[in-house]
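# Structure at a glance
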Amino acid sequence: MKILVTGGCGFIGSHTVVELLEAGYEVVVIDDFSNSRRSVLDAIQEITGKVPFFYEGDVKKKELLRKIFREHSIDAVIHFAGYKAVGESVQQPLKYYENNLESTVHLCEVMSEFSCKKLVFSSSATVYGSPKSLPIREDFPLSTTNPYGTTKLMIENILRDLVVSDSHWSIALLRYFNPIGCHASGLIGEDPKGIPNNLMPYILKVAMGELPHLNVFGNDYDTKDGTGVRDYIHVADLARGHLKAIEYVMNTEGIDAYNLGTGKGYSVLDLVKTFEKVNHVSIPYEIRARRPGDIAICYADPSYAKEKLGWCAEKDLETMCLDAYRYVAKQAHKEEKVE
Ligand code: WQD
């Protein structure tokens, strides 16, 4: 079986490519390196001993997509490629709508031309907006508070309309909660360019001495310690969820959404204290005002993914913190050796 992975050099994409190769799939990757590095391909080969087929380029380019489908018999597609920075999406909404929507529409048009109608889409828990109760189930109301989240919800609706128009499509919408951690080898991980927006990459910069302290955005939420609560999930667990979704769409028709979370909520200070404990480092922090747009608490009811996909998360918060730190420490060591 041959799987096309768009954005396969990115954080979640690269971990999914590793799982696919190790499970015996052939993999074709398309990536424009807008939020990833070519060196990820070498790391994938070092981990798996295998090399995916690779095309550098923009998923919006239909002629490039057609070239890939002409040169490979693609059985299914996992679509990660897309811009994903919430703050940037607020500043540059048109860039997000054009890129995320056009890439998906063009991908589906070319898939249809080649009679490939099996798709796993990288959606997000951000489509739930601020949930009215917890844990969050897939049938909860959907609403978004930023253009990034709106592109995810719009794409989910586009794909639902596609299935209505052609019942031969089989599509899984995977709604990620908060992916953190890195592959146990320490060879692939999250490598955001510039000052990180998300909590774990920021903690990692503090741990490596690249930033002086963490800013904790609010300690006056209605939570056990006043800081925001999220459902952190190990990226390797998330990657495995994509393999289960591929198996599922290969044997079904229709479209459905699945929460990929652990079902457990941890506060900012839970994560800081766990990170400090398992990595024997200090993460100094200062309490700051709430970040606009943040919600107090968000965590999944993952039972539907368990029931339909036969998937559940396995790794705990300590493992997420250990693996995340191992990656940045290895990267720093590699850079020292080069200098
Ligand atoms: C987590 C908690 C912050 C940074 C985002 C996207 C979402 C998804 C996952 C793609 C919150 C607090 C954070 C910091 C802090 N991405 N925090 N100091 O906002 O839950 O979700 O990433 O799908 O779409 O919105 O993740 O890591 O930014 O924040 O105190 O420097 O950490 O307030 O409570 P978030 P996050």
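## Quick word on the overall build of the protein chain
Broken down by element type, the protein chain carries 11 helices and 14 strands. Relative to the compact-globule value of 20 Å for 339 residues, the protein chain shows a C-alpha radius of gyration of 19 Å, a close match. Taking all 339 residues of the protein chain together, the buried fraction comes to 55%. For the protein chain, the proportion of contacts with a sequence separation of at least 24, taken over those separated by at least 6, is 79%. For the protein chain, the accessible area works out to roughly 14800 Å², and carbon and sulfur atoms hold 50% of it.

## Let's talk about the pairing of strand β1 (residues 2-6)
Burial runs high along β1: five of the five residues are buried. Across five bridges, the pairing between β1 and strand β2 (residues 26-31) is parallel. Bridge assignment links Lys 2 to a residue of β2, and that residue is Glu 26. A crossover connection joins β1 to the parallel β2 through helix α1 (residues 11-22); in handedness this β-α-β unit is right-handed. In terms of strand pairing, β1 meets strand β4 (residues 76-79) through four bridges, oriented parallel. Bridging from a neighbouring strand, Thr 6 pairs with His 79 of β4.

## Points about the packing of aromatic side chains
Going through the model one piece at a time under the given rule, you end up with seven aromatic pairs. Across from the ring centre of Tyr 83, 4.9 Å away, lies the NZ or CZ of Lys 95, which sits over that ring. Here Arg 290 stacks its cationic end above the ring of Tyr 221, 4.1 Å away from the centre of that ring.

## Observations concerning the site of the ligand
Around the ligand, the surrounding shell holds 19 residues, and the nearest of these are Tyr 148, Leu 199, Asn 215, Arg 230 and Asp 294. Between the ligand and the protein, one listed contact pairs an oxygen atom with a side-chain N or O atom of Tyr 148 at 2.6 Å. Considering the ligand on its own, with 680 Å² of exposed area, one finds that the protein chains cover 89% of that surface. A total of four residues in the shell around the ligand trace back to one element, the largest contributor, which is strand β8 (residues 214-217). In terms of residue class, the shell around the ligand is made up of nine nonpolar, seven polar and three charged.

## Quick look at the packing of helix α3 (residues 62-71) against helix α5 (residues 93-113)
At their nearest, the axes of α3 and α5 sit 10 Å apart, and the two run at 35° to each other. Our pair here, α3 against α5, has a crossing hand that is right-handed. Contact with α3, carried on its side by Lys 62, Leu 65, Arg 66 and Phe 69, involves His 106, Leu 107, Glu 109, Val 110, Met 111 and Glu 113 of α5 and no other residues of that element. When grouped by side-chain class, the residues that make up the contact of α3 with α5 number five nonpolar, one polar and four charged.

## Focus: helix α7 (residues 199-207)
Within α7, eight of the nine residues are buried, which leaves the element mostly enclosed by the surrounding structure. Taken together, the buried positions of α7 are Leu 199, Met 200, Pro 201, Tyr 202, Ile 203, Leu 204, Val 206 and Ala 207. In the segment just after α7, Gly 209 is the residue with positive phi, at about 75°.

## Some thoughts on the sheet that holds β1
Ordered by their spatial adjacency, seven strands build an open sheet running β3-β2-β1-β4-β5-β6-β11, and the pairing between neighbours is parallel. Only two strands of the sheet have a single partner each, and these edge strands are β3 (53-56) and β11 (254-260). Across the sheet, the axes of successive neighbouring strands diverge by a mean angle of 15°, strand direction being ignored. Each of β1, β4 and β5 (118-124) touches α5; the most contacted strand, β4, lies at about 175° to it. In the packing of helix α6 (residues 147-165) onto the sheet, contacts are made with β5, β6 (170-176) and β11, and the angle to β5 comes to roughly 155°.

## Observations regarding unusual backbone geometry
The peptide bond linking Leu 134 to Pro 135 adopts the cis configuration, its omega dihedral lying at -5°. Positive phi outside glycine occurs at Phe 33, with the angle close to 60°. Relative to the helices and strands, Phe 33 is located in the loop between β2 and α2 (39-48). Positive phi, close to 55°, is recorded for Ser 115, a residue that is not glycine. Inspection of the secondary structure assignment puts Ser 115 in the loop between α5 and β5. We classify Ser 115 as exposed; its relative accessible area is 63%.

About the criteria used
- Residues numbered from 1 in each chain as written.
- Predicted model: local features only at pLDDT ≥ 70, side-chain atom pairs only at ≥ 80, totals over all residues.
- Heavy atoms only, no water.
- Helix = DSSP H or I, 4+ residues; strand = E, 2+ residues; numbered from the N terminus.
- Rg over C-alpha atoms; globule rule 2.2 N^0.38 Å.
- Buried < 20%, exposed > 50% of the residue type's maximum accessible area, 1.4 Å probe, protein only.
- Contact = heavy atoms within 4.5 Å.
- Areas by Shrake-Rupley, 256 points an atom, 1.4 Å probe, with all protein chains shown as cover.
- Pairing = 2+ DSSP bridges.
- Right-handed = clockwise from strand over helix to strand, strands pointing away.
- Phe/Tyr/Trp six-rings, centres within 6.5 Å; stacked < 30°, edge-to-face > 60°.
- Lys NZ or Arg CZ within 6 Å of the ring centre and 35° of its normal.
- Near = heavy atom within 4 Å.
- Polar contact = N/O pair within 3.5 Å; in protein donor to acceptor, adjacent residues only side chain to side chain.
- Nonpolar A, V, L, I, M, F, W, Y, C, P; charged D, E, K, R; others polar.
- Axes fitted to C-alpha atoms, helices over the stretch in contact; angles between N-to-C directions.
- Left-handed = near helix turned anticlockwise from the far one by under 90°.

By themselves, these figures tell us nothing about what the structure is for.
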